[in-house]
Amino acid sequence: MERVLPPELAPEIAHTVPQIRDLADFEAVVRLYRPAIFRFLAASVRDPQAAENMTQDCLLRAYRSRDGFRGAASVKTWLMQIAVNLLRNELKNARLRFWKRTQRSSVDVSSAGEWLADRRSSPEAAALARQQVAAVWAAVEGLPERQRTVFLLRFVEEMDSLEIAAVTGMKEGTVKTHLFRALQTVRQRIEERT
Amino acid sequence: MNRHLSSEEFSEWLLGQRTPECEEHLRKCADCAAELDKIQAPLGLFRDAVREWSANEEGQSVAMPVRHNWGLVWVRVAATAVALAILIAIGIGGQSRRAAGIEREDEMLLGQVQAAVSRPVPATMQPVYDLMVEEGAK
């Protein structure tokens, strides 16, 4: 299982996580980065099946255009860039159909918090943890698309603002603005609900 | 820094924009450290929950187990065999019907050809020929 890093340590430790620098062994690329791509897409659309299809699509596109990868960014950044573009196109091309389908089959807001329950020291702590996760999950759901994307890249994928800028194609200042607004909204929701 | 951290400074800290002054203040001020934890802890829980949830979902969607229900398999095999038998029977019946139809058409065509060949005059002259035959008979 992938190691979970506290957000404050992410930028420093990210450099020690093994990374693939070229695409010669594409199977290794898939093994290493597929979970992160799926995770980002699943958290964005909240539909595991749709996320699965988009992950396959992302990896297929990456494989087909692997000759064009020059190594200017890391492989992970390059793959996440494809994933973000796929997500954006999907939302742009079929916004209504996509969201209707997603909302119909999406996961329950509170279900993600269930995964933490067995690690809490007491039932009260477990309930509080679930409540907190549900509050963040609900707040993220209500964020505008760009804010949601940068928030997930920062607080789930633990990317710094420069990496997020490379992945999303935004300027670093724009990334920071979106992150700041998203965080304000999430904080407000946490304070209201916990 | 003697004052408590502002809301913006908490956000900046969480976004990785940290100043030595804030860091020092957070070490000394229990109130601000607790305030930071109130935001940082849910974000950490959210990250862990999403990671564990997606790892579970990914495992399910990638390695979907294929379960064989052998009773159902036999029913499917039998149903396929019956369907094939029906299709073959329809095919054979259809073929024999088609063959009979072709035979009838051939016979009609042959009859027309024989009639045309046995005519003493071309078809356009047939009425005149019939009249002559009638006149001759009188």
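Here the structure is shown first, and the text comes after it.
1. Thoughts on the overall build of chain A
A tally of regular secondary structure across chain A gives ten helices and zero strands. Listing every helix and strand of chain A by position from the N terminus yields α-α-α-α-α-α-α-α-α-α. Taking all 194 residues of chain A together, the buried fraction comes to 47%.

2. Remarks on the packing of helix H10 (residues 172–193) of chain A against helix H1 (residues 7–14) of chain B
Put simply, H10(A) and H1(B) touch, their axes get as near as 10 Å, and they point 115 degrees apart. Looking at the two axes, H10(A) sits roughly perpendicular to H1(B). In terms of crossing hand, the pair formed by H10(A) and H1(B) is right-handed. Within the contact between the two elements, H10(A) uses Phe180(A), Leu183(A), Gln184(A) and Arg187(A) and H1(B) uses Ser7(B), Glu8(B), Phe10(B), Ser11(B), Glu12(B) and Leu14(B). When grouped by side-chain class, the residues that make up the contact of H10(A) with H1(B) number four nonpolar, three polar and three charged.

3. Side note on the packing of aromatic side chains
Across all of its chains, the model carries six aromatic pairs over all chains by this definition. With centroids separated by 4.9 Å and ring planes inclined at 45 degrees, the aromatic side chains of Phe69(A) and Trp78(A) adopt a geometry described as tilted. By relative accessible area, Phe69(A) is classed as buried at 12%. Between the aromatic rings of Phe151(A) and Phe46(B), the centroid separation amounts to 6.2 Å while the plane-to-plane angle is 55 degrees, which identifies the pairing as tilted. In this pair, Phe151(A) is assigned in helix H8 (residues 145–155) and Phe46(B) in helix H3 (residues 30–62), connecting two distinct chains. Pair check on accessibility: Phe151(A) and Phe46(B) agree, each one buried. Aromatic ring contacts, followed pair by pair, group Trp137(A), Phe151(A), Phe155(A), Phe46(B) and Trp53(B) into a single cluster. One residue, Arg154(A), lies across the ring of Phe155(A), its end atom 5.8 Å from the ring centre.

4. A look at a negative patch on the surface
Residues and elements named next belong to chain B. Where like charges cluster on the molecular surface, the negative patch consists of Glu103, Glu105, Asp106 and Glu107. By the element assignment, Glu107 lies in helix H4 (residues 70–118). Residue Glu107 is classed as exposed on the basis of its relative accessible area of 51%.

5. Points about the pattern of salt bridges
Scanning the entire structure with this criterion turns up twelve salt bridges over all chains. Of the charged contacts in the structure, one is a salt bridge between Arg34(A) and Glu52(A), with a shortest N-O distance of 2.5 Å. Of this pair, Arg34(A) sits in helix H2 (residues 26–45) while Glu52(A) is found in helix H3 (residues 48–64), placing the two residues 18 residues apart along the sequence. On the accessibility criterion, Arg34(A) (11% relative accessible area) is buried. In the salt-bridge network here, residues are joined through shared partners; they are Glu158(A), Arg47(B), Asp48(B) and Arg51(B).

What counts, and at which threshold
- Residues numbered from 1 in each chain as written.
- Chains lettered and ligands numbered in written order.
- Predicted model: local features only at pLDDT ≥ 70, side-chain atom pairs only at ≥ 80, totals over all residues.
- Heavy atoms only, no water.
- Helix = DSSP H or I, 4+ residues; strand = E, 2+ residues; numbered from the N terminus.
- Buried < 20%, exposed > 50% of the residue type's maximum accessible area, 1.4 Å probe, protein only.
- Axes fitted to C-alpha atoms, helices over the stretch in contact; angles between N-to-C directions.
- Parallel < 35°, antiparallel > 145°, perpendicular 65-115°, else oblique.
- Left-handed = near helix turned anticlockwise from the far one by under 90°.
- Contact = heavy atoms within 4.5 Å.
- Nonpolar A, V, L, I, M, F, W, Y, C, P; charged D, E, K, R; others polar.
- Phe/Tyr/Trp six-rings, centres within 6.5 Å; stacked < 30°, edge-to-face > 60°.
- Lys NZ or Arg CZ within 6 Å of the ring centre and 35° of its normal.
- Patch = residues over 30% accessible without salt bridge, like charges linked within 9 Å, V, L, I, M, F, W, Y side chains within 5 Å.
- Areas by Shrake-Rupley, 256 points an atom, 1.4 Å probe, with all protein chains shown as cover.
- Salt bridge = Lys/Arg side-chain N within 4 Å of Asp/Glu carboxyl O.
- Lys, Arg positive; Asp, Glu negative; His and termini not counted.
- Charge placed at Lys NZ, Arg CZ, Asp CG, Glu CD.

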